[in-house]
Amino acid sequence: MQLPRNDTMNQNPNKGPAATPGEGEDATDPRVARREKMSQIEAMGYDPFGSRFDNRDMLGKCIDKASEIKFKTEAGDLIDLPSFDDPDLDYRQWKSDQGPGEEVGPTVRVSGRIMLMRTKGKLIFINIKDWTGSIQLFIGKQQVGEEDFALAKLFDLGDLVGAEGRLGRTNTGELTVFAEKLYFHTKMLDPPPDKHAGLTNVDLRQRMRYADLAFNEGPMETFVNRTKIIKSVRATLDADDFCEVEGPTLHVIAGGAAARPFETHHNALDMPLTMRIALELHLKRLMVGGMERVYELGRVYRNEGLSPRHNPEFTMLEAYQAYGDYETMMDLTERVICNAIETIGGGFKREFAGQEIDFTPPFKRETYADLFQAATGVDAADEAAVTKYAQSLGLETKGKHPDVIRNEIFEEKVEDTLEGPIFVIDYPASICPLTKRKRDNPEIAERFELFICGMELANAYTELNDPDLQQQLFETQLEGLDEEESMAKMDHDFIRALRHAMPPAGGLGIGIDRLVMILTGQKSIRDVILFPVLRPTE
RNA sequence: GAGAGUGUAGCUCAGUCGGUAGAGCAUUCGACUUUUAAUCGAAUGGUCCUGGGUUCAAGUCCCAGCACUCUCACCA
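Residues numbered from 1 in each chain as written. Chains lettered and ligands numbered in written order. Predicted model: local features only at pLDDT ≥ 70, side-chain atom pairs only at ≥ 80, totals over all residues. Heavy atoms only, no water.

1. Here we look at unusual backbone geometry
Right, so step 1: Pro361 connects to Pro362 through a cis peptide bond whose omega is -5°.
Right, so step 2: Here Pro362 shows up in the loop between β16 (355-358) and β17 (364-367).
Right, so step 3: Of note in this structure, Asp270 is not a glycine but carries a positive phi near 45°.
Right, so step 4: Take Asp270: it is sitting in the loop between β11 (263-266) and β12 (271-275).
Right, so step 5: In this structure Asp270 comes out as exposed when scored by relative accessible area, which is 59%.
Right, so step 6: The backbone of Cys453 shows a phi angle near 50°, a positive value even though the residue is not glycine.
Right, so step 7: Mapped onto the elements of the fold, Cys453 is located in the loop between β20 (441-452) and β21 (455-462). (Helix = DSSP H or I, 4+ residues; strand = E, 2+ residues; numbered from the N terminus. Buried < 20%, exposed > 50% of the residue type's maximum accessible area, 1.4 Å probe, protein only.)

In structure tokens form, the structure reads like this:
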């Protein structure tokens, strides 16, 4: 059998002494010690990488079974144990008050990763953890016998081990499996991080997500919550009869958003392809085809900078509802978010980055123009005043469309101050090339963005379904961009699709990673993405 | 892409004015049959991110590079 290569917890895996026993000669290298113990475990007839282990009692269930533990008196009476919620309880005293007798608990069969270990003469206390909980094992030489005790002495922190025994309480009241039989599942060959501090190096936590999940407290809960949130989002849409689809991730023309795409190439067709930057244009094609309520929850890719709020690949929800409009989508957005909150619990009043956010529906709704005026004192419709104000902020105004200037001011002065949740509604039309204008005011687009803690979480429109106007807006958007800068190219097939009649509709996009951030209290997007993009070490 | 910070033992971190490299945990040995980050005694463990420079002397000062973090920009 070939032994796996010796990688270390170090940033430079080539650093450090050889970890093969007998070669390194360094008896204090934890990796050497672990391999030495692995050999001894093997010599005792155990497989250091284990095999199938059926009928496990999950530790969460074992904790639930604690109430089944009784104290059996000498007379044979079974009495309930005292409440361990009481911090003043002296269980040792309580037991001695009962006189002679013993605890009787159910027999369990458990396994998990060794998180803590204390040897005390002929006793070993081990805390193991599985993904439902953790529990203490009591291993006494007399109780398990010479052979199992010898095995237990070869255990290391991080090993996966199993035990069978009765559930009980130690003198201090700690719920404990009093082992009668031990099992060995898998040896951890690399040394684990500090047993108390865990793995705190942010870089290593992301590079070695396995170690982050295995040895740190929060990450498992965050990622399980992420899964729950995504399931809840699907459930909300499915309950509304939305149809989930899978659009192409390889696009000939990456459209539907303003972002640089990743470029790739198809060999057989000898054709350039780009990774999608949005889901929009294909979902709209499906609405033309008659999928009246359609959504996709999937990965999109944008070749842009990284930040605590940006990862090059991220998960996006886009949903389209025929015969709706942006108001329809506001209601849907509220339902999606509120249902997700109820799924993971914790109530509508939540904290993020030190701010309390109240998600009790309905969320606030304010127009772009009102927020603009409130923050700047300038009437957004007064072009001259807006330009003057922009110049006072030091913004370049020459040759820019007035709406672009407005939006720069808005982003500068308003967005960061929006604690939310708040729907900002009715955007200047010319910055919304895929949006239908208000019937009574063509300057204003029927669009909203949902802001929470200054972060854009959702974006929705009353969708533009006029093919001629759509084509014209695309052309305007492409004007002035040179070949290099041009992020979007005219998608003629999309225009043709619109000519086949797309129903009036509301469309919604939600940044799922950001939603998970807000709902789980994680300040960095990298803490809600299992494997964020990282530069390789080497 | 710009600015600031960080990089020291397997992990978490100290390191003063430039003068022999430190602690806790982990590891190894010893004691301990109800421990709680067990405790106690001993030992071991270093390419101080990399490469240059200044200096009698550099973990420490200077320059360049690499990686990460934060802030900003692009963006959702």
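2. What to know about the nonpolar core
Right, so step 1: Membership of the largest hydrophobic core comes to 44 residues, with the highest contact counts inside it found for Val233, Phe359, Phe448, Ile518 and Leu519.
Right, so step 2: Residue contributions to this core peak at 10 residues, all from helix α9 (residues 326-344).
Right, so step 3: Core analysis: the second largest hydrophobic core is formed by 33 residues, Leu59, Ile135, Leu151 and Leu167 among them. (Core = buried A, V, L, I, M, F, W, Y, C linked by side-chain atoms within 4.5 Å.)

3. Concerning a nonpolar patch on the surface
Right, so step 1: On the surface, Trp131, Met220 and Val224 cluster together into a nonpolar patch covering about 320 Å² of accessible area.
Right, so step 2: Of note, Trp131 is situated in the loop between β5 (123-130) and β6 (133-140).
Right, so step 3: On the accessibility criterion, Trp131 (68% relative accessible area) is exposed. (Patch = residues over 30% accessible without salt bridge, like charges linked within 9 Å, V, L, I, M, F, W, Y side chains within 5 Å. Areas by Shrake-Rupley, 256 points an atom, 1.4 Å probe, with all protein chains shown as cover. Salt bridge = Lys/Arg side-chain N within 4 Å of Asp/Glu carboxyl O.)

4. Structural notes on the confidence of the model for chain A
Right, so step 1: Scored by pLDDT, chain A comes out at a mean of 86, with 93% of its residues at no less than 70.
Right, so step 2: Within the model, pLDDT remains below 50 along residues 1-25, and this stretch shows 42 contacts once partners closer than five positions in the same chain are excluded.
Right, so step 3: Per-residue pLDDT stays below 50 along residues 482-487; that stretch engages in 8 contacts with residues further than four places along the chain or on separate chains.
Right, so step 4: Taken together, the chains of this predicted complex give a pTM of 0.87 and an interface ipTM of 0.87. (pLDDT = per-residue confidence, 0-100. Contact = heavy atoms within 4.5 Å.)

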